[in-house]
Amino acid sequence: MPDSLPPARLLDELDKILGPRGLLTDAADIAPHLSDWRALYRGAAFAVARPASTEEVAAVVRLCAATGTPITPQGGNTSMVGGATPDGSGRHLVLSLARMNRIRALDALDMTMTAEAGVVLKTAQEKAAEAGALFPLSLGAEGTATIGGVLSTNAGGNTTVRYGNARELMLGLEAVLPDGSIWNGLRRLRKDNTGYALRHLLVGAEGTLGIVTAAVLRLFPRARDTALAFCAVRDEDAALALFRRFRDRDESAVRAFEYMSGTGVDFCVRHIEGVVLPLAERADHYVLVDLASSRPDAGLRAMAESVLAEALEAGEVLDAALPESEAQAQRIWRIREEHPEAQKREGASVKNDVSVPVSTVPEMIRRCCAALVELIPGSRPVPFGHIGDGNIHMNLEQPPGMDPAAFLARSHDIMDCVNAVVRDLGGSFSAEHGIGRLKTDMMADWRGGAELAAMQAIKAALDPRGIMNPGKVLP
Ligand code: FAD
Ligand code: 2HG
Ligand code: ZN
């Protein structure tokens, strides 16, 4: 194979590997693959490859390696950091895993499920449930995000507080490396100390070290008792105090513990049909606590009522609603899950997916809110998210009436403003969404020196031609 091929020859070769169902070249078919959920980026690609098997992925990657063709891997394309969007050169091939969507195996004794990369997260949850088990990873984009995507970003979400990030939910991996070789690491082992943990290198690599084609996922016993509470709390400290109360009572029962500001909940009520505040009065701070146990007699509702009564007495909780039905519970969860969509509808917003030590979350929120309003008077901070993990989405909504483009032109000032506080508290500038192309310029500053040098050496060793998702993660 020559070092590069004219586009028509390259398409011929791809067509031979993939067939007509596996290759999109029509501008209208390609268009949805060229922009991101946030509409921050618009890229170009000469084609979208849609392989149906690991062997087809490998053949495509071998062709790209031989011809120096850059590949942008793509799952559900829900990245919050432009990770799955190609650059504007038109030289990229988008490689979508959407057709690799089989559950290859499910073992109720091993408590594992082997799923291909293109399996949608919600489908994986449903398949586990059909087998009487639980795949606990849960996030707002679960109806679209894929197993390959959640592993490649090491996604977090609502249940990290109990089950860990995507990384902790994976036992084995199958991947195509940048030279086109297939690595079959689909081991269902709970213990396997055999050299460098290659699987953990690929998890969170955002497609820069290879293509994830399948994974062995950990399953858990399903919940047989649950309880949910939506609470108005006095302030950020009270939110954390309530987290501690629940954790002290029964840490294993806390499946999710989420914080929302009054501003964010107001946006949801205003913009999302069917969302109503389940409390008599608006508050400035809310918490959603979700409890679950595999024991049918865990008595979680009574436990929630007792903890909330103590917190009411202490003045931490101002009011609380406990749903009486599954339908009511789902309506309450929507208030939290619709936060990203409601912020989109309210206008332009800048996201800051940051983490700090859990104990410093209240200070982080207060300092960031004050600094942001000083930076852009009239702007509206919308902190919300996974307070139990110390991961707050410290987002900023534009001032009403301001030109959205003028507001977005300040994005980097806004991110710098939040990051200064986060750094001071020993936090991270990217908690769960990754680096993508949005945050590459922060890497040298935050991860420079030996850490970044080691990452660059790993990248150069595995992908010497730099074809795997160039322009992402590393500066
Ligand atoms: P894509 O967006 O397609 O890709 C993400 C990255 O992974 C890209 O760099 C891509 O190149 C790479 N990639 C994708 N598939 C593969 C593969 N098979 N092999 C190698 N590389 C691959 N994230 C959270 O962590 N927690 C949340 O709570 C959360 N909530 C969200 C809510 C909404 C409404 C939205 C839109 C997004 C949310 N996200 C959240 C972000 C996003 O859903 C996650 O990052 C998710 O893991 C991406 O999955 P995906 O299949 O869409 O991947
Ligand atoms: C969430 O927790 C997601 O809902 C999205 O991580 C966060 O929109 C955001 O900033
Ligand atoms: Zn989140």
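Scroll up for the structure.
Rules used in this analysis
- Residues numbered from 1 in each chain as written.
- Chains lettered and ligands numbered in written order.
- Predicted model: local features only at pLDDT ≥ 70, side-chain atom pairs only at ≥ 80, totals over all residues.
- Heavy atoms only, no water.
- Helix = DSSP H or I, 4+ residues; strand = E, 2+ residues; numbered from the N terminus.
- Rg over C-alpha atoms; globule rule 2.2 N^0.38 Å.
- Buried < 20%, exposed > 50% of the residue type's maximum accessible area, 1.4 Å probe, protein only.
- Areas by Shrake-Rupley, 256 points an atom, 1.4 Å probe, with all protein chains shown as cover.
- Lys, Arg positive; Asp, Glu negative; His and termini not counted.
- Charge placed at Lys NZ, Arg CZ, Asp CG, Glu CD.
- Donors = N, O, S within 2.8 Å, 3.2 Å for Na, K, Ca; no water.
- Expected span 1.5 Å × (residues − 1).
- Contact = heavy atoms within 4.5 Å.
- Arc of directions from axis to C-beta.
- Phe/Tyr/Trp six-rings, centres within 6.5 Å; stacked < 30°, edge-to-face > 60°.
- Lys NZ or Arg CZ within 6 Å of the ring centre and 35° of its normal.
- Salt bridge = Lys/Arg side-chain N within 4 Å of Asp/Glu carboxyl O.
- Near = heavy atom within 4 Å.
- Polar contact = N/O pair within 3.5 Å; in protein donor to acceptor, adjacent residues only side chain to side chain.
- Pairing = 2+ DSSP bridges.

## Regarding the overall build of the protein chain
Next up, step 1: A tally of helices and strands in the protein chain yields 17 helices and 19 strands.
Next up, step 2: A compact globule built from 475 residues should have a C-alpha radius of gyration of about 23 Å, and the protein chain, at 23 Å, falls within 12% of that.
Next up, step 3: Principal-axis analysis of the C-alpha atoms gives the protein chain an extent of 75 × 55 × 45 Å.
Next up, step 4: Counting across all 475 residues of the protein chain, residues that qualify as buried make up 55%.
Next up, step 5: Accessible area for the protein chain stands at about 19400 Å²; split by element, carbon and sulfur atoms hold 51% of it.
Next up, step 6: Counting 50 positive and 60 negative side-chain charges, the protein chain places the averaged centre of each group 4 Å from the other.

## Some points on the coordination of the zinc ion (ligand 3)
Next up, step 1: Looking at the zinc ion (ligand 3), the protein donor atoms are H386 (NE2), H393 (NE2) and E432 (OE), and they sit 1.9 to 2.2 Å from it.
Next up, step 2: For the zinc ion (ligand 3), the single-chain donor residues occur in sequence as H-x6-H-x38-E.
Next up, step 3: For H386, a relative accessible area of 2% translates into the label buried.

## With respect to helix α1 (residues 7-18)
Next up, step 1: End to end, α1 covers 16 Å across 12 residues, agreeing with the expected 16 Å (1.5 Å per residue, within 8%).
Next up, step 2: The inward-facing, buried residues of α1 contact β1 (23-24), β2 (47-49), α3 (54-67) and β4 (93-96).

## Details of helix α4 (residues 121-130)
Because an α-helix completes one turn every 3.6 residues, residues spaced three or four positions apart along the sequence face the same direction.
Next up, step 1: Those residues of α4 not exposed but buried are L121, A124, Q125 and A128. Around the axis of α4, the buried residues are gathered within 100° of arc, so they sit on the same side.
Next up, step 2: On its buried face, α4 sits against β5 (103-107), β6 (112-116), β7 (133-134) and α5 (147-152).

## Some thoughts on the packing of aromatic side chains
Next up, step 1: Applying the stated rule across the entire model yields 4 aromatic pairs.
Next up, step 2: Considering the side-chain rings of F429 and W446, the 5.0 Å spacing of their centres and the 35° angle between planes classify their relative orientation as tilted. Here the residue F429 occupies a position in the loop between α15 (411-424) and α16 (440-447), and W446 occupies one in helix α16, the gap between them amounting to 17 residues.
Next up, step 3: Against the face of W446 rests R423, its NZ or CZ located 4.4 Å from the ring centre.

## Notes on the environment of M113
Next up, step 1: Tracing the sequence through the fold places M113 in strand β6.
Next up, step 2: Assessed through its relative accessible area of 0%, M113 is described here as buried.
Next up, step 3: Residues M113 and A45, spaced 68 residues apart in sequence, show a C-alpha to C-alpha distance of 34 Å.
Next up, step 4: Filtering out sequence-adjacent residues up to four positions away, M113 remains in contact with I103, A105, L106, A124, K127, A128, F135, A215, V216, L217 and L219.

## Focus on the pattern of salt bridges
Next up, step 1: Tallied over the full model, the rule gives 34 salt bridges.
Next up, step 2: Close ionic contact of R245 with E310 constitutes a salt bridge, the shortest N to O distance being 3.4 Å. Linking R245 in helix α8 (residues 236-250) with E310 in helix α10 (residues 300-313), this pair joins segments that are 65 residues apart in sequence.
Next up, step 3: On the basis of relative accessible area, E310 is assigned to the partly exposed category, the value being 38%.
Next up, step 4: Residue D266 is joined to R282 by a salt bridge in which the shortest nitrogen-to-oxygen separation is 2.9 Å. A residue pair is termed long-range when its members are at least 10 positions apart, and D266 in helix α9 (residues 262-271) and R282 in the loop between α9 and β14 (285-293) qualify at 16 residues.
Next up, step 5: Looking at R282, the relative accessible area reads 44%, which means it is partly exposed.
Next up, step 6: Counted as one network, the salt bridges with shared partners bring together R102, R104, E116 and E174.

## Considering the side chain of Q125
Next up, step 1: Within the secondary structure, Q125 sits in helix α4.
Next up, step 2: A residue is classified by how much of its surface remains accessible, and Q125, at 16% relative accessible area, is buried.
Next up, step 3: Look past the residues within four positions of Q125 in its chain and what remains in contact with it is F135, L137, S138 and E142.

## So, the site of ligand 1
Next up, step 1: Looking at ligand 1, there are 35 residues lining it, with P73, G75, T78, S79 and T146 nearest.
Next up, step 2: A distance of 3.1 Å separates a nitrogen atom of ligand 1 from a polar side-chain atom of E432.
Next up, step 3: N469 has a polar side-chain atom sitting 3.1 Å from an oxygen atom of ligand 1.
Next up, step 4: Here ligand 1, which alone exposes 970 Å², has 96% of that area covered by the protein.
Next up, step 5: Of all the secondary-structure elements, those providing two or more residues to the shell around ligand 1 are β3 (71-74), α5 and β10 (211-218).
Next up, step 6: Broken down by element, the shell around ligand 1 gets its largest block of residues, 4 residues, from α5.

## Focus on the sheet that holds β2
Next up, step 1: Taken in spatial order, the 4 strands of this open sheet run β1-β2-β4-β3, and their pairing is mixed. For this open sheet the edge positions go to β1 and β3, each flanked by a neighbour on one side alone.
Next up, step 2: In terms of strand pairing, β3 meets β4 through 4 bridges, oriented parallel. Directly across from Q74, in β4, lies its bridge partner S96.

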